[in-house]
Amino acid sequence: MKLLVAEDEPKTGIYLQQGLTEAGFNVDRVMTGTDALQHALSEAYDLLILDVMMPGLDGWEVLRMIRAAGKDVPVLFLTARDGVEDRVKGLELGADDYLVKPFAFSELLARVRTLLRRGNSSPTQTTMKIADLEVDLLKRRAVRSGKRIDLTAKEFALLELLLRRRGEVLPKSLIASQVWDMNFDSDTNVIEVAVRRLRAKIDDEFELKLIHTARGMGYMLDAPESE
Amino acid sequence: MKHLSLTARMSLMFMLAVIAVLTVAGLSFNELSRHHFMMLDQQTLDEKLESTQQILSNTRSHADLEGVLPQLKALLGAHHDLAAVIFANDGTVLFAEPQAFNVPEKYRLNPDHGMWEWEENGHMYRGMTAQVSTPDQPAFLTALLILDVTNHVHFFETLQRWFWLGLVISALVSAALGWVVARSGLRPLRQVTLVATSMSARSLKERIPLEPVPLELQQLVTSFNAMLARLDDAFVRLSNFSADIAHELRTPLSNLMTHTEVVLTQKRNLEAYEENLYSNLEDLKRMSRMIDDMLFLAKSDNGLIIPEQTRIEFSEVVTKLFEYYHLIADEHGIQLVVTGSGSVLGDKLMLDRAISNLLSNALRYTPAGKIISVTIKSTASAITLIVENPGETIKPEHLDKLFDRFYRVDPARREGSPSNAGLGLAITRSIVESHKGKIWCTSGNGITAFHMEFPQQPS
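- Going by the annotation in an unreviewed UniProt entry, the name recorded for chain B is Sensor protein, with Pseudomonas borbori given as the source organism.
- The heading Function (unreviewed entry) in the UniProt record of chain B holds the text "Member of a two-component regulatory system."
- What UniProt records for chain B under Catalytic activity (unreviewed entry) is the sentence "ATP + protein L-histidine = ADP + protein N-phospho-L-histidine."

Structure follows, in structure tokens:
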């Protein structure tokens, strides 16, 4: 997966590049709008991450020209300005997502993966398996090591989210938004409690732990030998 | 007129008023004087003509005329502007004193007792004609009495000249006086201006004194003072807010710096660095969230928060939030109960957030094993949502301030989780207010309740 990061602030750009590279992406970094446009038109990227405020061409201008050139590569905007009209402008121009600085890197990573997945949607699975955990999405049933696990609706939704995005660190805000439709930060530890309860049912009795905590960032479901 | 100063405007108007009054007075005086002189002339002519007729009525023939001449001369001599001409029936001049006049023909034989006037050689004359009858001879003689009124004309010319001169002088003097009057009259206004000019953000506490201001300006000064009070209030709140921001950001920043520096003073193992970074991350997230919250409030203060208008059923929102919060409630054995229903037009995300803040707040202060109840009431005029929880009674002096930014009942204690910056209730209030609602808190007998009230909108 090849990404382009266009960010004029060097420190931010370098950290983004490092973080994304370590997450397994192939990342090119440019610092001006003009370079971003040139790269985007001449090379095939899977995703562009554009800062809105850049010298030369700004992010919107770059996006306009890329779309005008007939490229429909997904674009994620980064901006320090959080105005509704900015958001609307970006989305009207065909941006796919929008992140306001300061953002958590785990949040950025989660969104990047969502955007990349959007392009090649895998056929809808009805069952998922990780290690000895089997989940039937249609019957809403989870079985580990042949043992049936009773889950509440929300617990099942949480497990399904973690499974679908196995190997990714999911920020608490994303979990709250996807499972409980809480689209704003709440200063409570509900997610911790929810994950703790899910763990009690999924992991506690077993030697191999599937749910992992990425401290300060979020949670991840993974198994060592997962394919 | 638009660009003239008030003083100039008032001087000008004062001057115009004086000119108008003087002109009317002058013209009236002129007209009255003319009339008066004319009456005087007529009276003189009448009297003299009657005397002349008397004298002449005693003459029987033209020869007798010689005898009455001295009488006539004495009569006329008393008035040196007066002249007399006496004609015979055939038009011959029998007597002319002091000189012969070339009296126009039409006046010469005009016995209709009216007064006539004509001008000749720059002289103005008024005259009267009368026929003298004797007992045996009707219309025996015609007597003409002529008054030279040139003096009167001159008098009026002089009068007019002086009048115009006087008018110009009066206009100038009145303009000057008007200026002085206007300036002194407007002095209070200038003083008000002076005070207003000297106002700065630093001196918003000052007020323009009301006592020395004239009645007409008191309304203005009162409004101005009220504006200052509002500005002052807003400014104080803004300064407090800025001070709070500085303070609230300073704490995590100072943690970050101290912690990082301490860690860097000596070589440590990997876990120590990791620990430091995690701790830093927590502080950074807290700051980031605080900035988000403060930006939300700043936007809401500037009227930039425009809620969407969709119909939102409160009982659904509360049920959804209960699903989320019951996890924590269960941990503490707290029960969540919702009763009633009601809907408003509003922004789903924002109202979610407002109610969520109240619930998380209630969860924070409710003792284990108790019940948090949400009551939704819908009346003809309003929708109310009340979040009630048992807990320590909040003192009345704190109730209003609960919704202020960064306000804490006990300033020394940071309640709840470290990420609770004291902005939650302020955000809730700004959301409620942007939906034209009201929010207030009551507390007593160990029960604290937050009331939200929205106007009922037709569906």
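So, next bit.
## Observations concerning the overall build of chain A
- Across its full length, chain A holds eight helices and 12 strands.
- The proportion of buried residues among the 227 residues of chain A is 33%.
- Of the contacts formed within chain A by residues at least 6 apart in sequence, a portion of 56% connects residues at least 24 apart.

## Here we look at the overall build of chain B
- Of regular secondary structure, chain B possesses 11 helices and 12 strands.
- Here chain B holds 459 residues, and the buried ones make up 21% of them.
- Taking all contacts inside chain B whose residues are at least 6 apart in sequence as the whole, residues at least 24 apart take part in 64%.

## Description of the interface of chain B and chain A
- Listed by partner, the interface residues are 24 residues for chain B and 19 residues for chain A.
- For the side of chain B that touches chain A, the secondary structure elements donating two or more residues are helix 7 (270-301), helix 8 (314-331) and helix 9 (348-365) of chain B.
- Classifying every residue of the side of chain B that touches chain A by side-chain character gives nine nonpolar, seven polar and eight charged.

## A few points about the UniProt feature "transmembrane region" (unreviewed entry) in chain B
All names here are of chain B.
- The sites that UniProt annotates as "transmembrane region" (unreviewed entry) are residues 12-29 and 162-182.
- What you have in residues 12-29 is 100% helix and 0% strand, and the ends, taken at the C-alpha atoms, are 25 Å apart.
- Taken end to end, residues 162-182 is 100% helix and 0% strand, and its first and last C-alpha atoms sit 29 Å apart.

## Quick word on the sheet that holds strand 5 (residues 141-148) of chain B
All names here are of chain B.
- On the basis of which strands lie adjacent, the open sheet formed by five strands has the order 2-1-5-4-3 and antiparallel pairing. Pairing within the sheet leaves two strands with one partner each, and these edge strands are strand 2 (93-97) and strand 3 (115-120). For this sheet, the mean inter-axis angle between neighbouring strands, taken without regard to orientation, is 20 degrees.
- The pairing of strand 1 (residues 82-88) with strand 2 spans four bridges and is antiparallel. Within the sheet, the bridge partner assigned to Phe87 lies in strand 2 and is Val93.

## Here's the deal with the nonpolar core
- Counting residues in each nonpolar core, the largest one holds 97 residues, and the members touching the most others are Leu4(A), Ile49(A), Leu50(A), Tyr325(B) and Ile355(B).
- Dropping the residues within four chain positions of it, Tyr325(B) is found in contact with Val190(A), Leu336(B), Leu359(B) and Leu363(B).
- Counting 19 residues, the second largest nonpolar core, distinct from the first, contains Ile86(B), Phe87(B), Ala143(B) and Ile146(B).

## Comments concerning the environment of Leu133(A)
All names here are of chain A.
- Within the secondary structure, Leu133 is located in strand 7 (residues 133-136).
- Judged by the 21 C-beta atoms lying within 10 Å of it, Leu133 falls in the buried class.
- A sequence separation of 70 residues divides Leu133 from Asp203, and the C-alpha atoms of the two residues are 9.9 Å apart.
- Residues in contact with Leu133, not counting those within four places in the same chain, are Ala142, Arg144, Ile202 and Leu210.

## What to know about helix 9 of chain B
- For helix 9 of chain B, which comprises 18 residues, the first-to-last C-alpha distance of 26 Å matches the rise-based estimate of 26 Å (1.5 Å per residue) to within 8%.
- Most of helix 9 of chain B sits inside the fold, with 14 of its 18 residues counted as buried.

## Examining the pairing of strand 3 of chain B
All names here are of chain B.
- Judged from the six bridges that link them, strand 3 and strand 4 (residues 123-132) form a sheet pairing that is antiparallel. Along strand 4, the bridge assignment pairs Trp116 with Gly127.
- Counting the residues in the hairpin turn of strand 3 and strand 4 gives two residues, including Asn121, whose phi is positive at 50 degrees.

## Here we look at helix 7 of chain B
All names here are of chain B.
- Taking 1.5 Å of rise per residue, the 32 residues of helix 7 would be expected to cover 46 Å, and the 46 Å separating its terminal C-alpha atoms lies within 8% of that figure.
- Within the span of helix 7, buried status applies to Arg286, Met294 and Phe296.
- Against the buried residues of helix 7 lie helix 6 (215-264) and helix 11 (424-434).
- Once helix 7 finishes, Gly303 follows within two positions and takes phi at roughly 70 degrees, a positive value.

## Examining the environment of Val262(B)
Residue and element names in this part refer to chain B.
- Among the secondary structure elements, Val262 is positioned in helix 6.
- For Val262, a count of 11 C-beta atoms within 10 Å puts it in the exposed group.
- The spacing of Val262 and Asn276 is 14 residues in sequence and 9.6 Å in space, taken between C-alpha atoms.

## Let's talk about the UniProt feature "modified residue: 4-aspartylphosphate" (unreviewed entry) in chain A
- Here, the residues flagged by UniProt with the feature "modified residue: 4-aspartylphosphate" (unreviewed entry) are Asp51(A).
- The contacts of Asp51(A), once residues within four sequence positions are left out, are Ala6(A), Glu7(A), Asp8(A), Gly59(A) and Leu78(A).

## Quick look at the pairing of strand 9 (residues 371-378) of chain B
All names here are of chain B.
- Sheet topology note: the strand 7 (residues 335-339)/strand 9 ladder contains five bridges and is parallel. The partner of Thr339 across the bridge, within strand 9, is Thr375.
- Judged from the six bridges that link them, strand 9 and strand 10 (residues 382-390) form a sheet pairing that is antiparallel. Paired with Val374 across the strands is Val387, a residue of strand 10.
- Counting the residues in the hairpin turn of strand 9 and strand 10 gives three residues.

## Re the sheet that holds strand 6 (residues 127-130) of chain A
All names here are of chain A.
- Strand order across the open sheet formed by four strands is 6-7-8-9, with antiparallel pairing between neighbours. Whereas interior strands pair on both sides, the edge strands pair on one side only; in this sheet they are strand 6 and strand 9 (147-149). When the angles between neighbouring strand axes are averaged without regard to direction, this sheet yields 20 degrees.
- In this structure, strand 6 lies alongside strand 7, joined through four bridges in antiparallel fashion. Residue pairing across strands places Met128 opposite Val135, the latter belonging to strand 7.
- Packed on one face of the sheet, helix 6 (residues 153-164) meets strand 6, strand 7 and strand 8 (141-144) and runs near 115 degrees to strand 7.

## Some thoughts on the packing of helix 7 of chain B against helix 11 of chain B
Residues and elements named next belong to chain B.
- Running from N to C, helix 7 and helix 11 point in directions that differ by 30 degrees, and their axes come no closer than 10 Å. Here helix 7 is positioned roughly parallel relative to helix 11, judged by the angle of their axes. Of the two possible hands of crossing, helix 7 and helix 11 adopt the one that is left-handed. Across from Asp293, Phe296, Leu297 and Ser300 in helix 7, the residues of helix 11 making contact are Ala426, Ile427, Ser430 and Ser434.
- Taken together, the residues of the contact of helix 7 with helix 11 sort by class into four nonpolar, three polar and one charged.

Rules of the game
- Residues numbered from 1 in each chain as written.
- Chains lettered and ligands numbered in written order.
- Predicted model: local features only at pLDDT ≥ 70, side-chain atom pairs only at ≥ 80, totals over all residues.
- UniProt positions renumbered as here; feature names shortened; annotations may be inferred.
- Helix = DSSP H or I, 4+ residues; strand = E, 2+ residues; numbered from the N terminus.
- Buried ≥ 20, exposed ≤ 12 C-beta atoms within 10 Å, placed from the backbone.
- Contact = placed C-beta atoms within 7 Å.
- Nonpolar A, V, L, I, M, F, W, Y, C, P; charged D, E, K, R; others polar.
- Pairing = 2+ DSSP bridges.
- Axes fitted to C-alpha atoms, helices over the stretch in contact; angles between N-to-C directions.
- Core = buried A, V, L, I, M, F, W, Y, C linked by C-beta atoms within 7 Å.
- Expected span 1.5 Å × (residues − 1).
- Parallel < 35°, antiparallel > 145°, perpendicular 65-115°, else oblique.
- Left-handed = near helix turned anticlockwise from the far one by under 90°.

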